[in-house]
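Working through the structure, step by step
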Amino acid sequence: MLLDSMRIAFVGGGNMARAMIGGLLAAGLSPERVFVAEPFEPTREGLRRDFPAIRLATDSLQAAEFAPTVIVLATKPQVLKAVAESLRPVILAAVKANPAVVVVSIAAGVRTVDLARWLDFSCIVRVMPNTPALVSEGAAGLFAHASVSEDLRSLAFEVCRSFSKVLYWVKSEQLLDVVTGVSGSGPAYFFYMIEAMEEAGVELGLPREIARGLAAQTCLGAGKMALEQISTEPATLRKNVTSPNGTTEAGVKVLEARSAKQIIKDCVIAATKRGDELGDILGRQVFATISVSFLIKAFSRDSTTASFED
């Protein structure tokens, strides 16, 4: 098993890192093979409580002695330049102990060309996860720098399987912006749908908790049906539950009259475009000389790296 010999260091211990750690330990990775650098004391205490046998530190430089084979960048994208530059000695030490080292970045929007420049290291896999990973229902897109070997691609994929149920490699890094538009930002679209269905149910007389539960479970169930019948077109699944002159057809006609499909497509396009713009902005990061621990602390409280902070 690929996880058997892995030593993994997390730089940042927020919600997404926590989801990954929990998944890796459940998959059989020994907790002694997990290192987390997290400067924020309450977050560190939470990790210590939930995963008492993992190694915890306040400073990422302490990972050098750990000699990781996988380094996960799980900080906010706004501080990643300073964090990445500080990791150069850690990577040198890791490669000296084992030449097969890969960096996995779950920081949204930061491109591999910029990461490689900041790290002075190009064996990088960039991942775009989403927040349902926090309940083991995540979807993610992955892109590997050309210098990543097949073995290290497989290792990175195994790591990401720990917190995402559905994963796909994309051939160009630009497509990760599209992944952002579809699945990275996608949970918000579904929450919006649940919100609207709940409000309609309440206005029509249902208690709020019943309307919310019905809407949320319907969303989950429809998604499960689509995944279990992945070769069937979604339009076919929709038509299968739309009886002529029935209640569903009445509702769908409203969606079609209001151009709902185009509105949803426009959401994905807008999010994709913003992802590309933020990639340009984040690639030009310039920081004054500030403590890396301070930077991570300032941007990592109660946050995940699955979405952009504008």
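Residues numbered from 1 in each chain as written. Predicted model: local features only at pLDDT ≥ 70, side-chain atom pairs only at ≥ 80, totals over all residues. Heavy atoms only, no water.

In the contact formed by helix 6 (residues 112–119) and helix 13 (residues 260–283), the axes pass within 10 Å of each other and the chain directions differ by 15°. Viewed along their axes, helix 6 and helix 13 adopt a mutual orientation that is roughly parallel. Regarding helix 6 and helix 13, the two cross each other, and that crossing is left-handed. For the pair helix 6 and helix 13, contact is made by Asp114, Arg117 and Trp118 and by Gly279, Leu282 and Gly283, respectively. Looking at side-chain class alone, the contact of helix 6 with helix 13 contains 2 nonpolar, 2 polar and 2 charged residues. (Axes fitted to C-alpha atoms, helices over the stretch in contact; angles between N-to-C directions. Helix = DSSP H or I, 4+ residues; strand = E, 2+ residues; numbered from the N terminus. Parallel < 35°, antiparallel > 145°, perpendicular 65-115°, else oblique. Left-handed = near helix turned anticlockwise from the far one by under 90°. Contact = heavy atoms within 4.5 Å. Nonpolar A, V, L, I, M, F, W, Y, C, P; charged D, E, K, R; others polar.)

Our focus in this paragraph is a nonpolar patch on the surface. A grouping of Tyr168, Leu227 and Ile230 is seen on the molecular surface, where their side chains present a nonpolar patch of about 340 Å² in accessible area. Relative to the elements of secondary structure, Leu227 occurs in helix 10 (residues 208–228). Overall, Leu227 belongs to the partly exposed group, its relative accessible area being 46%. (Patch = residues over 30% accessible without salt bridge, like charges linked within 9 Å, V, L, I, M, F, W, Y side chains within 5 Å. Areas by Shrake-Rupley, 256 points an atom, 1.4 Å probe, with all protein chains shown as cover. Salt bridge = Lys/Arg side-chain N within 4 Å of Asp/Glu carboxyl O. Buried < 20%, exposed > 50% of the residue type's maximum accessible area, 1.4 Å probe, protein only.)

Time to look at the nonpolar core. The biggest cluster of nonpolar side chains holds 65 residues, and the ones touching the most others in it are Ile8, Phe10 and Leu119. When residues in this core are grouped by element, the largest group, 6 residues, is from helix 1 (residues 15–26). In this structure Ile8 touches Leu24, Leu29, Arg33, Val34, Phe35, Phe66, Pro68, Val70, Val72 and Val159, once residues within four positions along its chain are discounted. Residues Ala108, Met128, Leu176 and Val179 belong to the second largest nonpolar core, which totals 6 residues. (Core = buried A, V, L, I, M, F, W, Y, C linked by side-chain atoms within 4.5 Å.)

If you trace the 8 strands from one edge of the open sheet to the other, you get 3-2-1-4-5-6-7-8, paired in mixed fashion. Pairing within the sheet leaves two strands with one partner each, and these edge strands are strand 3 (55–57) and strand 8 (164–169). Averaged over neighbouring strand pairs, the angle between their axes works out to 20° when direction is ignored. Along the sheet, helix 7 (residues 150–161) makes contact with strand 1 (8–11), strand 4 (70–73), strand 5 (102–105), strand 6 (124–128), strand 7 (138–144) and strand 8, crossing strand 8 at roughly 150°. (Pairing = 2+ DSSP bridges.)

A separate point is the side chain of Ser86. Within the fold, Ser86 resides in helix 4 (residues 80–86). At a separation of 2.6 Å, a polar atom in the side chain of Ser86 contacts the main-chain carbonyl oxygen of Val83. (Polar contact = N/O pair within 3.5 Å; in protein donor to acceptor, adjacent residues only side chain to side chain.)

Moving on: helix 8 (residues 175–184). Burial analysis of helix 8 places 7 of its 10 residues in the buried class, the great majority of the element. Inspection of helix 8 places Leu176, Asp177, Val179, Thr180, Gly181, Ser183 and Gly184 among the buried residues, and these make up the whole buried set. In the core, the buried residues of helix 8 are packed alongside strand 6, strand 7, helix 9 (186–203) and helix 13.

Here the chain shows a mean pLDDT of 91. Residues at 70 or above account for 91%. Within the chain, helix 9 carries the highest mean pLDDT (98), whereas helix 14 (residues 292–300) carries the lowest (48). Note that pLDDT drops below 50 for residues 287–292; the model gives that stretch 9 contacts with residues more than four away or on any other chain. Segment residues 298–310 is flagged for pLDDT under 50; beyond a separation of four residues in sequence, or across chains, it makes 40 contacts in the model. (pLDDT = per-residue confidence, 0-100.)

Time to look at the pattern of salt bridges. Inspection of the entire model under this criterion finds 16 salt bridges. One salt bridge connects Lys81 with Glu85, and the closest N-O pair in it is separated by 2.9 Å. Linking Lys81 with Glu85, this pair stays in helix 4, spanning 4 residues, or about one helical turn. Take Lys81: its relative accessible area is 18%, and that puts it in the buried class. Under the relative-accessibility criterion, Glu85 is labelled partly exposed at 33%. The shortest N-O distance in the salt bridge between Lys253 and Glu249 comes to 3.9 Å.

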